[in-house]
Amino acid sequence: MAQMTYRQALNQAMREEMQRDPDVYLIGEDVGEYEGAYKVSEGLLQEFGPKRVIDTPISEEAIAGAGIGSAMVGLRPIVEMMTINFALLAMDQIVNHAAKLRYMSGGQLKIPLVLRAPQGAGMQLGAQHSQNLESWFLHVPGLKVVAPSTPYDAKGLLKSSIRDDNPVIFFEHELLYGVKGEVPEEDYSVPLGVAEVRRAGSDVTIVSYLRMVNIALGAAKALESQGVEAEVIDLRTLKPMDLDTLVGSLKKTHRLVVVEEDYKTCGTGSEIVASLQKEAFDYLDAPMERVATAEVPMPYAKNLERAALPSEQSVIDAVYRTLARETYQLTRV
Amino acid sequence: MAQMTYRQALNQAMREEMQRDPDVYLIGEDVGEYEGAYKVSEGLLQEFGPKRVIDTPISEEAIAGAGIGSAMVGLRPIVEMMTINFALLAMDQIVNHAAKLRYMSGGQLKIPLVLRAPQGAGMQLGAQHSQNLESWFLHVPGLKVVAPSTPYDAKGLLKSSIRDDNPVIFFEHELLYGVKGEVPEEDYSVPLGVAEVRRAGSDVTIVSYLRMVNIALGAAKALESQGVEAEVIDLRTLKPMDLDTLVGSLKKTHRLVVVEEDYKTCGTGSEIVASLQKEAFDYLDAPMERVATAEVPMPYAKNLERAALPSEQSVIDAVYRTLARETYQLTRV
Amino acid sequence: MDKQEKIEMYRQMVLIRKFEDKAGEMYMQGKIGGFLHLYIGQEAVAVGFISALRPDDYVIGAYREHGQALARGADPKRVMAELFGRSTGLSRGKGGSMHMFDLEHNFLGGHGIVGGGMPLAAGMGLAVNYRETDQVVTCFFGDGAVNEGAFHESLNLVSLWNLPVIYVCENNQYGMGTAVARASSLPEIFRRAQCYDLDTESVDGMDVLACRDAADRAIRRARKEKAPRFIEAVTYRYRGHSMADPGTYRTKEEIEEWRTKDPIERFRQSLEGTLTAEDAQRIEEEMNSVIAEAVEFADKSEELPAEALYEDVYA
Amino acid sequence: MDKQEKIEMYRQMVLIRKFEDKAGEMYMQGKIGGFLHLYIGQEAVAVGFISALRPDDYVIGAYREHGQALARGADPKRVMAELFGRSTGLSRGKGGSMHMFDLEHNFLGGHGIVGGGMPLAAGMGLAVNYRETDQVVTCFFGDGAVNEGAFHESLNLVSLWNLPVIYVCENNQYGMGTAVARASSLPEIFRRAQCYDLDTESVDGMDVLACRDAADRAIRRARKEKAPRFIEAVTYRYRGHSMADPGTYRTKEEIEEWRTKDPIERFRQSLEGTLTAEDAQRIEEEMNSVIAEAVEFADKSEELPAEALYEDVYA
Ligand SMILES: Cc1ncc(C[n+]2csc(CCOP(=O)(O)OP(=O)(O)O)c2C)c(N)n1
Ligand SMILES: Cc1ncc(C[n+]2csc(CCOP(=O)(O)OP(=O)(O)O)c2C)c(N)n1
Ligand SMILES: [Mg+2]
Ligand SMILES: [Mg+2]
């Protein structure tokens with residue numbers, strides 16, 4: 001297997017899918033000549049030319065809309081939003097159009113579109129450039145939502161997303177682009193909707209996705225040295241969500257912590273916890289915990305930004321809260 | 001007390017606040033000459049003139065932005081979005097600007113703005129005109145979110161919202177405008193962030209807001225005849241949320257059903273359930289239930305729309321699910 | 001254009017008029033729900049522009065689109081069934097008045113968000129050039145849409161990229177209750193498109209042959225030279241914005257004045273010699289029965305079963 | 001304009017240039033995080049336009065706004081402290097480079113969303129008319145913003161409602177790596193504003209007196225007649241889009257060519273007789289120490305304590 005970065009894995013996925021299917025094209029701000037604000041589309045303009053790698057004006061609504069319109073008549077656009085923060089200008093096209101056109105047309109249309117966007121904080125970009133909006137998209141029927149944490153999944157899930165006949169919101173993370181991992185030489189894809197157990201454990205389940213998987217794994221490692229065995233599950237796809245894997249894990253661990261970089265209120269974790277308290281009520285030995293970003297617009301100052309984001313320590317604390325509970329109950333019994 | 005409609009109550013609140021404070025003004029599409037798509041601003045143009053009741057072009061982004069800009073320099077706009085569906089075109093202004101400006105300016109700015117919008121389904125308006133997006137706004141720090149179910153609250157909460165120094169998203173419901181209720185003659189307001197117990201009961205707590213409160217009350221009445229005493233709580237404000245009242249009720253009933261017209265996934269109910277499984281873990285005798293709209297773009301056909309929306313029956317079924325659980329456990333013991 | 005073609009255009013205009021009259025009636029009877037935006041008064045625009053297209057061209061409208069769907073060849077039975085919310089409707093009853101889709105005729109909706117179809121049309125134009133065909137895209141919308149950001153971004157794109165898109169603004173003088181001059185900094189709508197380096201013009205939207213002529217010219221340029229165009233069709237809606245509109249913002253006189261320019265009546269007069277009084281009478285009757293059949297069809301059609309609620313969300 | 005005023009303008013341009021040079025340096029040293037968009041090359045625009053304003057007028061910029069904040073009178077110490085993320089910064093370190101706010105000087109940001117400030121400026125103009133004062137609003141943004149829907153909706157509003165807003169587009173030839181002609185259907189940016197019925201013009205953005213003159217005229221019209229205006233200032237950014245930009249999309253020759261029009265150098269030459277070589281030297285030195293002080297101040301300032309994370313969310 002080759003070692004490559006998350007960025008390179010994404011680049012390969014696009015390149016290979018564009019080679020495979022002439023209807024696949026890439027459109028977005030500075031994706032061509034500039035090769036992407038985060039250089040994810042490096043070399044694509046050169047290989048595929050300006051017909052298939054399209055630089056746009058700064059017009060998010062029309063970029064999304066043009067992608068959708070082309071998908072309505074059979075093309076398979078990959079729309080790059082420079083960051084998810086700018087998708088706020090395209091919400092009408094994404095939610096009122098891409099997500100609903102198939103239904104409103106009684107099934108006549110399909111919208112095979114991937115909207116890729118980096119999200120997340122950690123680079124001191126301030127409140128308007130550090131958002132995580134995945135739960136907004138989870139809330140919208142008609143969309144799928146993908147959020148890979150490794151180069152392997154980035155490539156495999158992007159391929160599946162491009163091949164999918166539905167609008168897929170594909171989240172990337174600015175701080176993952178440079179992360180390396182193993183990626184097979186041969187063609188492969190990762191199916192949408194299947195979570196992955198990144199680390200087995202019996203004491204507590206830590207559920208996460210995107211960059212927070214690394215925080216979860218770091219916390220799990222620290223916990224191990226303290227005798228706590230955490231199972232770490234990487235959701236990979238957020239919609240549809242692989243609840244079965246979570247329930248399976250809970251049956252074993254009876255405790256759960258969700259770690260998300262998004263805000264807690266009505267975030268992805270809220271849905272996971274709300275679903276599991278129903279699906280796995282009898283298996284729960286303690287309240288499930290949510291670790292998320294502080295509910296403030298993201299500050300610029302480094303110390304404050306760091307304080308706002310989930311950390312390994314905050315995950316460890318949450319794990320201990322789920323365990324303390326057991327201790328308490330055990331004492332009482 | 002006077003009997004008046006929800007629409008009239010809202011109208012009075014705006015009228016009285018505009019009389020009281022010359023900085024308060026109303027802006028939106030067809031709010032003046034047309035008196036609002038739903039006639040909520042009837043008579044206001046006549047009373048206050050075009051300077052304070054401003055008809056706009058169909059430019060949602062600029063309408064929101066102009067309201068926010070005027071608030072940055074001290075005015076107190078009431079921005080009417082004709083319906084919340086069109087706010088998708090103004091999300092950038094609402095979320096990236098209104099919600100964040102105070103924080104990004106280190107507390108220098110305040111944004112005393114109310115964005116009023118009807119939402120919801122039930123009139124066969126189809127997928128692009130029948131959305132509920134309250135959970136999106138709950139997700140955004142810096143905003144407050146209000147959702148009254150009665151004329152009394154509509155007036156009292158709108159007054160508080162107008163007087164609040166923060167951006168408040170004020171949800172109305174198209175099917176509530178014509179509903180009548182008692183409204184005092186004298187000046188009053190209803191504080192933000194305080195839920196109301198609409199009906200006391202000991203067997204199960206039903207939490208709801210906006211139009212669904214009526215569904216909840218209807219279900220509670222039916223349940224009563226079957227010997228089940230439901231407590232019905234009207235949240236009234238969704239952000240900040242009055243969790244205390246919910247926990248208090250759960251201590252008594254040990255069972256809870258949330259009824260929302262929004263989608264379930266990452267909806268308001270997800271947050272309530274996720275919070276309560278932590279805050280009230282020991283009081284829960286059964287998994288909490290969420291009753292919500294079917295996760296499909298809203299269909300036009302009457303029979304399908306009806307099938308998609310929460311009904312008294314679906315609430316009753318959910319209540320029985322929480323009770324069945326008890327029965328089951330009692331049998332087992 | 002030969003005689004037959006003109007008579008066919010006339011037939012379509014009568015069809016639309018009668019269809020919309022009947023739809024209004026059915027709405028009052030409670031057979032149709034939701035919002036209903038009638039096209040009466042604007043028939044010349046849909047028929048003039050759409051009659052000039054080839055079957056493989058794309059058409060996209062807004063929420064006042066019954067007339068456009070019919071002009072494009074959609075079966076009146078299925079359009080009515082859609083309004084009735086039946087399984088036989090164009091969109092299986094899931095779309096309703098605002099969301100008619102007929103892919104068989106390359107009619108791509110039926111969109112309820114003001115201006116929302118404009119970027120979609122740009123995308124279709126992009127697809128045409130991508131595939132290197134000579135199709136064109138015709139996109140209809142109202143005067144109100146001109147003030148949306150989507151208008152601006154779309155016009156810039158189609159001009160910058162030379163997309164074969166014809167944007168047709170049906171300036172019917174009002175966006176709901178707001179007169180054009182109260183919403184647009186330049187009341188001559190076509191001038192609002194003059195800062196994107198594309199062809200613009202204004203045409204009499206009550207004159208079907210003028211519309212057809214403008215369409216022919218625009219289509220020629222778009223097909224051969226990939227030149228987009230913006231056309232304002234000056235027209236009028238006789239009825240309220242929707243069935244719920246009391247219409248207090250305009251005078252009876254104004255409406256009467258416009259009615260004297262009625263596009264169907266005017267076309268009929270201009271066709272004298274080509275279209276005899278008997279022909280006109282015969283068309284009238286034919287259309288009456290087409291509409292009657294449509295209502296009967298719609299009325300007899302089944303609703304979708306409740307399970308169908310969950311169909312068509314994902315492909 | 002008297003001599004003193006011109007020298008003051010010169011002083012400000014030097015201040016901005018030196019401030020930005022130093023900020024770039026501090027960024028490379030890791031003292032500043034996030035994105036840093038330098039204003040070097042564009043100094044004439046901020047100084048020319050802002051020097052013409054009254055203290056009670058409103059100014060709003062985008063994310064390349066340090067120069068505007070400084071020209072508006074913001075304390076360089078606090079601007080630098082903001083970049084350093086310190087509690088003494090203009091926005092308490094919570095905003096950073098892209099979100100400078102200084103209400104004391106009616107400087108209303110500091111906005112990171114391209115085009116996002118334009119509707120806000122319209123709102124401020126609305127507030128001015130609402131209060132019946134004669135303030136004006138000046139709003140800066142880039143050539144890239146011209147293609148956003150917000151541009152269009154805002155221009156229509158200010159024209160329709162006669163709001164005293166002066167929109168200043170700093171056409172520095174690129175939006176990130178995209179040259180104007182690759183993004184705008186009309187490459188002459190001011191022509192993109194000619195369909196809203198407002199005054200438009202293009203001005204040499206490398207000539208501070210030309211900018212000042214355009215500002216004076218625009219302000220007079222806006223104050224007295226409530227007439228909005230759109231002004232394109234043709235300029236150039238010497239540095240990359242941000243510190244991360246490799247800048248491969250333009251040639252060294254192009255940059256050198258623009259450098260020959262350097263706004264500071266050019267202004268200095270035109271001031272010969274008014275501004276002696278010694279004056280210039282003195283200003284240079286003064287500004288060096290202002291900047292040095294600013295860095296020292298920023299460096300010595302405290303960070304906000306962690307609890308402050310939760311402050312400033314709600315009023
Ligand atoms: C984005 C958006 N804003 C507001 C509305 C509500 N609305 C529906 S139609 C309409 C008026 C549109 O006028 P115009 O574009 O002239 O079309 P017409 O109705 O005259 O055909 C408005 C404001 C909407 N559907 N979408
Ligand atoms: C809505 C939005 N889209 C994209 C971006 C990313 N972005 C930041 S600056 C920029 C280029 C803007 O160019 P221009 O308006 O010419 O301003 P300049 O940087 O030249 O001063 C882009 C695309 C953004 N911040 N906001
Ligand atoms: Mg109209
Ligand atoms: Mg630029």
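**Observations concerning the pairing of strand β7 (residues 229-234) of chain D**
If a strand is regular, its side chains alternate between the two faces of the sheet.
All names here are of chain D.
And then number 1: A large share of β7 lies buried, amounting to 5 of its 6 residues.
And then number 2: Where strand β6 (residues 199-204) meets β7, 6 bridges bridge the pair, whose relative direction is parallel. Bridge pairing links valine 203 to alanine 233 in β7.
And then number 3: Regarding the hand of the β-α-β motif, the stretch spanning β6, helix α7 (residues 208-225) and β7 is right-handed.

**Here's the deal with the coordination of the magnesium ion (ligand 4)**
Residues and elements named next belong to chain D.
And then number 1: Coordination of the magnesium ion (ligand 4) by the protein comes from Asp143 (OD), Asn172 (OD1) and Tyr174 (O), over a distance range of 2.0 to 2.2 Å.
And then number 2: Binding-site remark: the magnesium ion (ligand 4) is held by donors from one chain whose sequence spacing is D-x28-N-x1-Y. Within this pair, whereas aspartate 143 is found in the loop between β2 (137-142) and α6 (149-160), its partner tyrosine 174 is found in strand β4 (residues 174-175), the two being separated by 31 residues in sequence.

**Thoughts on the domain arrangement of chain A**
Residues and elements named next belong to chain A.
And then number 1: When its domains are assigned, chain A resolves into domain 1 (2-183) and domain 2 (196-323).
And then number 2: A straight line from the C-alpha centre of domain 1 to that of domain 2 covers 26 Å.
And then number 3: Taken together, the contact between domain 1 and domain 2 spans 34 residues of the former and 25 residues of the latter.
And then number 4: Each partner contributes to the roughly 2,300 Å² buried at the junction of domain 1 and domain 2, and carbon and sulfur atoms together form 54% of this total.
And then number 5: For the domain 1 face of the interface with domain 2, the top three residues by lost area are Gln124, Leu138 and Ala147, together amounting to 27%.

**Describing the interface of chain A and chain D**
And then number 1: Listed per partner, the contact involves 31 residues of chain A and 37 residues of chain D.
And then number 2: In total, about 2,800 Å² of surface goes out of reach between chain A and chain D, with carbon and sulfur atoms giving 61% of it.
And then number 3: Together, Tyr34(A), Ile58(A) and Tyr300(A) form the three largest contributors to the area buried by chain A at its contact with chain D, with a combined 26%.
And then number 4: Joining chain A to chain D, the criterion identifies 2 salt bridges.

**Observations regarding the site of ligand 1**
And then number 1: Surveying the vicinity of ligand 1 reveals 22 residues, the closest of which are Glu60(B), Tyr63(C), Arg64(C), Gly112(C) and Asn172(C).
And then number 2: Surrounding ligand 1 is a set of residues that belongs to chains B and C.
And then number 3: Separating a nitrogen atom of ligand 1 from a side-chain N or O atom of Glu60(B) is a distance of 2.5 Å.
And then number 4: At 2.9 Å, a backbone N or O of Tyr174(C) approaches an oxygen atom of ligand 1.
And then number 5: Isolated, ligand 1 exposes 580 Å² of accessible area, and the fraction of that covered by the protein chains is 96%.

**A few points about the interface of chain B and chain A**
And then number 1: On the side of chain A, 54 residues touch chain B, which itself brings 54 residues to the contact.
And then number 2: Around 4,700 Å² of area is buried between chain B and chain A when both sides are counted, 61% of it from carbon and sulfur atoms.
And then number 3: Counting every contact that joins chain B to chain A gives 4 salt bridges.
And then number 4: A salt bridge links Lys278(B) to Glu289(A); its shortest N-O distance comes to 2.9 Å.
And then number 5: For the pair chain B and chain A, the interface holds 28 residue pairs in polar contact (both at pLDDT 80 or more).
And then number 6: Those elements that place two or more of their residues in the side of chain B that touches chain A are α4 (91-98), α5 (101-104), α6 (134-138), β13 (256-263), α10 (268-279), β14 (289-293) and α12 (312-332) of chain B.
And then number 7: In terms of residues, the side of chain B that touches chain A owes the most to one element, α10(B), which gives 8 residues.
And then number 8: When the residues that make up the side of chain B that touches chain A are grouped by side-chain class, the tally is 25 nonpolar, 14 polar and 15 charged.

Reading the values: the criteria
Residues numbered from 1 in each chain as written. Chains lettered and ligands numbered in written order. Predicted model: local features only at pLDDT ≥ 70, side-chain atom pairs only at ≥ 80, totals over all residues. Heavy atoms only, no water. Buried < 20%, exposed > 50% of the residue type's maximum accessible area, 1.4 Å probe, protein only. Helix = DSSP H or I, 4+ residues; strand = E, 2+ residues; numbered from the N terminus. Pairing = 2+ DSSP bridges. Right-handed = clockwise from strand over helix to strand, strands pointing away. Donors = N, O, S within 2.8 Å, 3.2 Å for Na, K, Ca; no water. Domains from an automatic or database assignment. Contact = heavy atoms within 4.5 Å. Buried area = accessible area lost by both parts, 1.4 Å probe. Salt bridge = Lys/Arg side-chain N within 4 Å of Asp/Glu carboxyl O. Near = heavy atom within 4 Å. Polar contact = N/O pair within 3.5 Å; in protein donor to acceptor, adjacent residues only side chain to side chain. Areas by Shrake-Rupley, 256 points an atom, 1.4 Å probe, with all protein chains shown as cover. Nonpolar A, V, L, I, M, F, W, Y, C, P; charged D, E, K, R; others polar.

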